Amino acid sequence: MARGKLRIYLGAAPGVGKTYAMLSEAHRRVERGTDCVVAFVEHYGRPRTEVMLHGLEQVPRRELEYRGAVFTEMDVDAVLRRAPAIALVDELAHTNIPGSRNAKRWQDVEELLAAGIDVISTVNIQHLESLGDVVESITGVRQRETVPDEVVRRADQIELVDMSPQALRRRMAHGNIYQPDKVDAALSNYFRPGNLTALRELALLWVADRVDEYLKQYRSEHRVSAIWGSRERIVVGLTGGPEGRTLIRRAARLAEKGAGGEVLAVYIARSDGLTSASPKELAVQRTLVEDLGGTFHHVVGDDIPIALLDFARGVNATQIVLGSSRRKAWQIVFGPGVGATVARESGPDLDVHIVTHGEVAKGRGLPVARGARLGRARIIWGWAVGLAGPAVLAVLLTTVNLGLANNMLLFLTLTVAAALLGGLLPALASAAFGSLLLNYFYTPPLHRLTIADPKNIVAIVIFFGVAVSVASVVDLAARRTHQAARLRAESEILSFLAGNVLRGETSLEELLERVRETFGMESAALLERAGETEPWTCAGRAGFGPTLERPEDADVDMPVGDHLALALTGRVLPAEDRRVLAAFAAQAAVVLDRRRLQEEADRARALAEGNRIRTALLAAVSHDLRTPLAGIKAAVSSLRSDDVAWSEEDQAELLEGIEEGADRLDHLVGNLLDMSRLQTGTVTPIIREIDLDEVVPMALGGVPEGSVDLDIPESLAMVAVDAGLLERAVANLVENAVKYSPPDRPVLVSGSAIADRVEVRIVDRGPGVPDAAKERIFEPFQRYGDAPRGAGVGLGLAVARGFAEAMGGTLDAEDTPGGGLTMVLSLRAAGSRTGQLTPVPSERQVT
């Protein structure tokens, strides 16, 4: 049995009119002939609410004795036995008297829904379980009766019953809510203007979140392409430190405030050894951002602020989220830092958020790999320390005599410092310059470049040798550190890449975009050719700039076998980066092969579906087409017979049978031909700007007069469709609706506009279709329920959906309120971005 539907009237406080609205809806349902009963409604002596109960069937309540008193509760068993279409159940959060069937009323409601009974109920915002603490802090009253939020969120409809605090207090003062002796206390406590305003805000915000969920679902189901509201793209700059989790969560909250917000987390690694981040922490942050609906990106760049801004502008971001600097205060002498630089260079098109966190000013805490390519700033510092340092030290040592040995150790310290900062060359220069200064200032004869004592000659030679040796060792260690850090970074990139590709999570275009981001290129393309003499073609491309025609035209090309090549433009890559590029190229070839295998599998499925269609077609021809042919032949044979003298009435009846059979044959053959064209992909619509009121009335010629009510406003926007296909689709839908709708209930055909779409709704009052069968009825050769075979071969709805999709539209089935089925034909409005007109030669028009 299908589960019943739950509708909830939500209010901010008692007395806003939830129960009154529920009873008003019940009277409307009863007037339409719906079986609706009152399972439990308490009017609390409110005259207007009590009057609304008149005329509604009430299921007797169950009496329970508790602590010497008798209470009444909803009798769930009685309601189940009565089995109405709709049951009214007030106060969803109510706690039942001990001894009841369930502890909570919402559990009673769950039983009714499981039995297929629709339920209309009421609840106040303060009774939602997640808001208990908030409501207590506002009103000072702890709500003991609560309902789980998930129960309310699962409701099929949630309607807010709203009233301003001033109007609610007036209702209270007039005695419309509580008894007169309780009014003053209520107005002075719970019903204070501040309390009611805060509760109203909670209700509005909660319903707004629910509306957002409905809107996203609706846009997805109806393929609404236009963006409603501004779309925020937020880039989060990660360092690999623990503060990254805070930044990701903060960015996710910012994205939730805008419609369709998107979070892109990016970790920028240095190409000269790469700043060493914790692989485990990066993996945790990658998982976190993906769980929050964002994406993770790994980019290589020497200048982190510039690389971050380039990435943000490349993805058309609107905001950047960075953490406050982790550097110590004195480290400002080394530069303003990444955050300050990004904020200064971002320009007016990017907002930069600097977020505080627990790691502020605690030091980087990340080991920084020092490579052979140290950067211009460090090389300058190395030369400054190596040359200016010995000169300054020599001046200082002229004021105090520490001895030759101590002086040598001080000069040796400067040489080591030059090696750590600038590498081997500044250290060698420092060693040579320090040796000259030691000779000139501290070995007799002083202030001359000669040495009188042979022992001093040995000392200076040893100093120079030690200085060169230390500088060489430091430089070698830096190179080894650079290699190790680079290999580790390469392994992280490759493992992440391989995991995505093997799991089938990356398309060719996404992989090429990842290549472009990783190496900071303008564009990346995968080129292929059929043979050595064949021209190159582009299998996939990402980025901007002109399309490459040959690998030789690119700044970097990486061959993959004999007939594939990965081509990049933007800059020339160093040789050490080509190893990673080769791995990307191999993975691109794998993705291309997988895509083609998928296309072959899709074609195989299409062939299998075609075989199924042909089999069903043969079955249809064997009966549904032979039946009218047999009737026509029998009628013609009877008319041609000389053995019987037919009266005029008999002849007219036989001729009418022949005409009906011919009409059935024409309809069936037309649908079969249409389905054949849809299956073979030969339907080529000519899209034109057309008014619905010009096409829809023409589609109603095949239905009895008076069986359809037409409501197409003259002011409705024009649609971009093929007039012939639209007429056939609407005709099939209307004929199907008239077939199942009662004779005294005409089918309604109406039109309305939603964003960049125009909807045509065909509403019938027939038996309807369960949710599980709503998609199956659009399959070829499907007839729902016990429809007789003479009713057709089950192609009308399949053809209608096929024509709708060929014109860029959609066709879906919905329940008609009050019973029946509504077909929703959604079409592109003329002039919308997705509905641009495409001229096609007139001889190719399909009508």
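One can find the structure itself at the top, above this paragraph.
If you're wondering where the values come from, they're calculated on a predicted model, not measured in any experiment.

Cut-off values and rules
Residues numbered from 1 in each chain as written. Predicted model: local features only at pLDDT ≥ 70, side-chain atom pairs only at ≥ 80, totals over all residues. Heavy atoms only, no water. Helix = DSSP H or I, 4+ residues; strand = E, 2+ residues; numbered from the N terminus. Buried < 20%, exposed > 50% of the residue type's maximum accessible area, 1.4 Å probe, protein only. Contact = heavy atoms within 4.5 Å. Areas by Shrake-Rupley, 256 points an atom, 1.4 Å probe, with all protein chains shown as cover. Patch = residues over 30% accessible without salt bridge, like charges linked within 9 Å, V, L, I, M, F, W, Y side chains within 5 Å. Salt bridge = Lys/Arg side-chain N within 4 Å of Asp/Glu carboxyl O. Pairing = 2+ DSSP bridges. Axes fitted to C-alpha atoms, helices over the stretch in contact; angles between N-to-C directions. Arc of directions from axis to C-beta. Core = buried A, V, L, I, M, F, W, Y, C linked by side-chain atoms within 4.5 Å. Lys, Arg positive; Asp, Glu negative; His and termini not counted. Charge placed at Lys NZ, Arg CZ, Asp CG, Glu CD. Parallel < 35°, antiparallel > 145°, perpendicular 65-115°, else oblique. Left-handed = near helix turned anticlockwise from the far one by under 90°. Nonpolar A, V, L, I, M, F, W, Y, C, P; charged D, E, K, R; others polar. Phe/Tyr/Trp six-rings, centres within 6.5 Å; stacked < 30°, edge-to-face > 60°. Lys NZ or Arg CZ within 6 Å of the ring centre and 35° of its normal.

(A) Local environment of the overall build of the chain. Along the chain, the regular secondary structure elements total 23 helices and 24 strands. Buried residues in the chain amount to 45% of all 847 residues. Counting only contacts in the chain whose residues sit at least 6 apart along the sequence, the fraction spanning at least 24 positions is 72%. Split by element, the accessible area of the chain, about 43,200 Å² in all, is 55% carbon and sulfur.

(B) Spotlight on a nonpolar patch on the surface. Taken together, the side chains of I379, W383, L387 and L425 define a hydrophobic patch exposed on the protein surface, amounting to about 350 Å² of accessible area. Within the secondary structure, L387 is located in helix 14 (residues 376-397). Using a relative accessible area of 37% as the deciding quantity, one classes L387 as partly exposed.

(C) Highlighting unusual backbone geometry. Backbone geometry places R67, a non-glycine residue, at a positive phi of 55°. Mapping R67 onto the fold places it in the loop between strand 4 (62-66) and strand 5 (69-73). The phi dihedral of E91 falls on the positive side, at around 55°, and the residue is not glycine. Tracing the backbone shows E91 in the loop between strand 6 (86-89) and helix 4 (105-114).

(D) Spotlight on the sheet that holds strand 14 (residues 523-528). Taken together, four strands build an open sheet; the order of strands is 15-14-17-16 and the sheet is antiparallel. The strands lining the two open edges of the sheet, one partner per strand, are strand 15 (537-543) and strand 16 (556-560). Averaged over all neighbouring strand pairs, the angle between strand axes comes to 15°, with direction disregarded. Relative to strand 15, strand 14 is paired through six bridges, and the arrangement is antiparallel. When the bridges of strand 15 are listed, L526 appears paired with G540. Helix 18 (residues 508-519) rests against strand 14, strand 15 and strand 17 (564-569) of the sheet, and its axis sits at about 55° to strand 15.

(E) Just the pattern of salt bridges, in detail. In the structure shown here, the tally under the stated rule is 29 salt bridges. Across the salt bridge formed by E25 and R28, the nearest N and O atoms sit 2.6 Å from each other. Of this pair, E25 and R28 are both found in helix 1 (residues 18-31), three residues apart, which corresponds to roughly one turn of the helix. In this structure E25 comes out as buried when scored by relative accessible area, which is 6%. When the shortest N-O distance is used, the salt bridge between E91 and R105 registers 3.9 Å. On the criterion of sequence distance, the pair formed by E91 in the loop between strand 6 and helix 4 and R105 in helix 4 is long-range, its members being 14 residues apart. Judged by relative accessible area, which is 23%, E91 ranks as partly exposed.

(F) Summary view of helix 7 (residues 165-173). Where helix 7 is concerned, the buried positions are P165, A167, L168 and M172. Along the axis of helix 7, the buried residues cluster in a sector spanning 165°; they form a single face.

(G) Local environment of the nonpolar core. Counting 62 residues, the largest nonpolar core has L88, L112 and V147 as its most contacted members. Those residues in contact with L112 that lie beyond four places of it in its chain are M74, V76, V79, L80, A87, V89, I117 and V119. Membership of the second largest hydrophobic core comes to 43 residues, among which are L700, I712, L797 and L825.

(H) The arrangement of a negative patch on the surface in detail. A contiguous patch of negative charge, built from E648, E649, D650, E653, E656, E659, E660, D663 and D666, is present on the exposed surface. Judged by its relative accessible area of 32%, D650 is partly exposed.

(I) Local environment of the packing of helix 15 (residues 404-422) against helix 16 (residues 424-442). As a packed pair, helix 15 and helix 16 sit with axes 8 Å apart at the nearest point and diverge in direction by 160°. One way to sum up the angle between helix 15 and helix 16 is to call them roughly antiparallel. The handedness of the crossing between helix 15 and helix 16 is right-handed. For the pair helix 15 and helix 16, contact is made by L404, N407, M408, F411, L414, T415, A418, A419 and G422 and by L424, P426, A427, S430, A431, G434, L437, L438 and Y442, respectively. Counted by class, the contact of helix 15 with helix 16 contains 13 nonpolar, five polar and no charged residues.

(J) Up close: a positive patch on the surface. On the surface, R249, R250, R253 and K257 cluster together into a patch of positive charge. Within the secondary structure, R250 sits in helix 10 (residues 244-256).

(K) Structural detail: the side chain of R7. Along the chain, the position of R7 falls in strand 1 (residues 6-11). If sequence neighbours within four positions are ignored, R7 has contacts with E25, R29, V119, I120, S121, Q157 and E159.

(L) Geometry of the packing of aromatic side chains. Per the stated rule, a full pass over the model turns up one aromatic pair. Just above the ring of F40 sits the side chain of R61; from NZ or CZ to the centre is 4.2 Å. Directly above the ring of F296 sits R286, whose terminal nitrogen or CZ lies 4.6 Å from the centroid.

(M) Region of the structure containing the environment of L393. Within the secondary structure, L393 is located in helix 14. Classification of L393 by relative accessible area gives buried; the value is 14%. Sequence separation between L393 and L437 is 44 residues; the distance between their C-alpha atoms is 9.7 Å. Excluding residues that lie within four positions of it along the chain, L393 makes contacts with L410, F411, L414 and Y442.

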